[in-house]
Amino acid sequence: MAQQELKRDLKNRHVQLIAIGGTIGTGLFLGSGKAIQLAGPSIIFAYLIVGIAVFFVMRALGELLLSKAGYQSFTDIAEDYLGPRAAFITGWTYWFCWIMVAMADVIAVGVYIQYWFDIPQWVPAIISLIILLGLNLLTVKLFGELEFWFALIKVITILVLIGIGVILLVMGFKTDAGTVTIQNLWEHGGLFPNGISGFLLSFQMVVFAYVGVELVGVSAAETSNPEKNIPSAINKIPARILFFYVGALIILLCVNPWTQLNAAESPFVKTFSLVGVPIAAGIINFVVLTSAASACNSGLFSTSRILFNLSKNNQAPSNFAKLNRNYVPSNALWTSTLVVSVGALLSKLIPAQAFGIVTTISAICFIWVWGVILICHIKYKKTRPQLHAKSTFKAPFTPFINYAVLTLFAMILIIMLAAEETRPSLLLTPLWFILLFILYSNRGKKEKDIKLSA
């Protein structure tokens, strides 16, 4: 008979690197180019503001996860504090978020492979999915190992970039774009060259850059020592935000005046090219390829675990709760992989629009998930003060900070509604929630009919 409990097989180094991998992705390596064109040097403040907000979300999630041993993800928390309907909607929405992120990244894998090989992009997309599926079916430890090495590549790349940038700053190095100096941050139109409007419009891409940081919470069910590993991973998020995002962007903008960066080009590629690394484009293409594979790998992991938890809570078909002999939810993993494979089809049907639409909807849905975590924490502190009093990992400045971050998220949604590029996706997203509400209502009616007939 299939085992019905996930195996706690992730070690501290796995959780730490999953946390790093979750905060470094396509949004930084590629999306930062577009965000810089919108906001100029003020993009640094946008990353800092959203990064601080996400940290407080994670502190709330950490306290909630450790308040009860039975919690395996924030969908369990949502059911406990907001009821089964909220858990149903949040669980399926989180699955939807990661499905779309994984779709975008599997499309990206196909595009990046074309840099070296002239083959249709859907071919490497499907091949990468098959490889990741096979590895994820074996053991959860393999997922941890994959993320460990994927994240290590990202970290080394940014360390090299920052190290080279600091050396060039000290030397006052001259490039084709001018002298490398900190004055590049304000000498080309000031810190806010496109005004407050450009600064605000950059927030959508910045939010997308941070999606996945809550994967630490999803992996809580499979870490060997959550009381130690989860707080450790969460408390290191601020340093990682300052170093990998804010630090990297400051260096990029000191080496390259923001006016020299192209929205369609990775600023990392541009920087390595300027400092005279002849194979810079190939190096960064490999890094971005591994970043996309890492995000897709995380997507398969998280979506399969979400389906597993939904099934355990009777909010999804019972087959999704079955584990194989390696304690992996194989049915859920197969289902998520098949849905993600639709990304290869989308890349042929709407190649120009697919990535933008998918990432915007994903960012909107992640704001919903983060908002639910904050609301659950508010209710937790109000209704179960005894648990908060004895907590060893209290979220700071609550409940004030919860309301402040929720207000920030609401403002970002209003900005996305006002922007022409993101407005269609924002207006389409409610259809998903309406669908879930209808499905949950019909499910409730069926259960009631079954009870009456019995």
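Structure: see above.
What counts, and at which threshold
The residue count restarts for each chain, going from 1 along the sequence in the order it is written. Whole-chain, interface and lining totals are the exception, using all residues; otherwise, since this is a predicted model, local features are given only for residues with pLDDT of at least 70 and side-chain atom pairs are given and counted only at 80 or more. Only hydrogens and water are removed before side-chain values are computed, so all heavy atoms of the structure are retained for them. Secondary structure elements follow DSSP: runs of H or I no shorter than four residues count as helices, runs of E no shorter than two count as strands, and numbering proceeds from the N terminus. Residue burial is assigned from relative accessible area. The probe radius is 1.4 Å, only protein chains are included, and a residue is buried under 20% of its type maximum, exposed over 50%, and partly exposed in between. In what follows, residue pairs with any heavy atoms lying within 4.5 Å of each other are defined as contacts. Only the protein chains shown count as cover for residues, with accessible areas throughout obtained via the Shrake-Rupley method and a probe of 1.4 Å. Any pair of Phe, Tyr and Trp rings, taking the six-membered ring for Trp, is counted once the centres come within 6.5 Å. Such a pair is stacked with planes under 30 degrees apart, edge-to-face with planes over 60 apart, and tilted for the rest. Two cysteine sulfurs form what is called a disulfide whenever their separation falls within 2.5 Å. What a helix should span is 1.5 Å times the count of its residues minus one. Working definition of a nonpolar core: buried Ala, Val, Leu, Ile, Met, Phe, Trp, Tyr and Cys residues. They are joined through side-chain atoms within 4.5 Å.

Enquirer: An account of the overall build of the protein is needed here, citing residue identities and associated values.
Expert: From N to C terminus, the protein includes 21 helices and two strands. By the burial criterion, 57% of the 454 residues in the protein qualify as buried. Considering only contacts in the protein between residues 6 or more positions apart, those separated by 24 or more positions represent 82%. Per element, the accessible surface of the protein, about 18,600 Å² overall, is 68% carbon and sulfur.

Enquirer: Any chance you could break down the packing of aromatic side chains for me, citing the residues and the numbers?
Expert: All told, the structure shown has 19 aromatic pairs when counted by the stated rule. Note on Phe55 and Phe56: the rings are 5.6 Å apart at their centroids and 55 degrees apart in plane angle, and the pair reads as tilted. Pair check on accessibility: Phe55 and Phe56 agree, each one buried. Judged by centre distance (5.4 Å) and plane angle (70 degrees), the rings of Phe192 and Phe199 are edge-to-face. Take Phe199: its relative accessible area is 10%, and that puts it in the buried class. An aromatic cluster of three or more residues is present, and its members are Tyr94, Trp98, Phe366, Trp370 and Phe409.

Enquirer: Explain the state of the cysteines to me, using residue names and the numbers behind them.
Expert: Per the counting criterion, the structure on display carries zero disulfides. For the unlinked cysteine Cys365, the closest cysteine sulfur is that of Cys97, found at 4.4 Å. Residue class for Cys365 comes out buried when judged on its relative accessible area of 0%.

Enquirer: Describe the environment of Gln204, with residues and values.
Expert: With respect to the element layout, Gln204 can be found in helix α10 (residues 203-210). Excluding anything up to four places from it in sequence, Gln204 contacts Thr359, Thr360, Ala363, Met416 and Thr422.

Enquirer: Describe helix α4 (residues 43-66), naming the residues involved and giving the relevant values.
Expert: Given a rise of 1.5 Å per residue, 24 residues ought to cover 34 Å, and the 34 Å separating the end C-alpha atoms of α4 matches this to within 8%. The buried fraction of α4 is high, at 19 of 24 residues.

Enquirer: An account of the nonpolar core is needed here, citing residue identities and associated values.
Expert: In this structure, Ile43, Ile77, Trp92, Tyr210, Trp370 and Phe409 are the most contacted members of the largest nonpolar core, which totals 133 residues. Among the elements that take part in this core, helix α6 (residues 84-113) stands out by supplying 21 residues, more than any other. If we skip the residues at most four places from it in the chain, Ile43 touches Ala35, Ile36, Ser202, Val206 and Leu253.

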